[in-house]
Every structure is written in structure tokens, then in C-alpha cells.
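# Summary of structural features
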Amino acid sequence: GRGCTAYDVVVNSGFFRTLQADPLYLEFFLTVAMEGLSEKYGVELELTGWRVLRNRKFLGSISAQNVRARPRPHIQELPG
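Residues numbered from 1 in each chain as written. Predicted model: local features only at pLDDT ≥ 70, side-chain atom pairs only at ≥ 80, totals over all residues. Heavy atoms only, no water.

- In the annotation of an unreviewed UniProt entry, the entry for the protein chain reads PIHD1 protein, and the organism field reads Catharus fuscescens.
- Its UniProt record gives the protein chain the following Sequence similarities (unreviewed entry) comment, quoted word for word: "Belongs to the PIH1 family." (UniProt positions renumbered as here; feature names shortened; annotations may be inferred.)

### Some thoughts on the packing of helix α1 (residues 13–21) against helix α2 (residues 23–41)
- Running from amino to carboxyl end, α1 crosses α2 at an angle of 120°, the nearest separation of the two axes being 5 Å. Our classification of the angle between α1 and α2 gives oblique. Contact residues: F15, T18, L19 and A21 in α1; P23, Y25, L26 and F29 in α2.
- Of the residues belonging to the contact of α1 with α2, the class tally is seven nonpolar, one polar and no charged. (Axes fitted to C-alpha atoms, helices over the stretch in contact; angles between N-to-C directions. Helix = DSSP H or I, 4+ residues; strand = E, 2+ residues; numbered from the N terminus. Parallel < 35°, antiparallel > 145°, perpendicular 65-115°, else oblique. Contact = heavy atoms within 4.5 Å. Nonpolar A, V, L, I, M, F, W, Y, C, P; charged D, E, K, R; others polar.)

This is the structure in C-alpha cells:
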């Protein structure tokens, strides 16, 4: 009955099937994702009581996602 803020996490469908096959792996992944969101947006999230939608892939409207074809390296050497 109250408003809330929702965060979407986009996951490859093959990887998501892997997560669904192992409840412990799914819980680990969701914990890491929520901690990342918490740090990124500076909010405190409750790490329990989460739900994975079973009969719906999303709520509301879904927007297009851009997936980078070539990953950029995270570590780069700088001259000097």
C-alpha cells in the first residue's frame, strides 16, 4: 500500500537459468547485486525478503537495453 523505489537488474537468460538451478548461487548473486546497488546509489537496502518474479519478467514498461559488443578493459596502463 506504500510507494517504494525499484531497481532493475538485467541478467543474461542463460546465466539466469544457471542461477535458478542452485538456490545458494542465486542468493549469493542477489546479495552481491544489492550490495552493489547500495554502494552505487548510497542507499541502505534490506538484503532479505527479496522476490524473483515467476510469471512476469518485469513490472511496468520495459525499456531497450544496450549491450556493449566489445568490453573495454577495466585496468589500463597509463604512460609515465
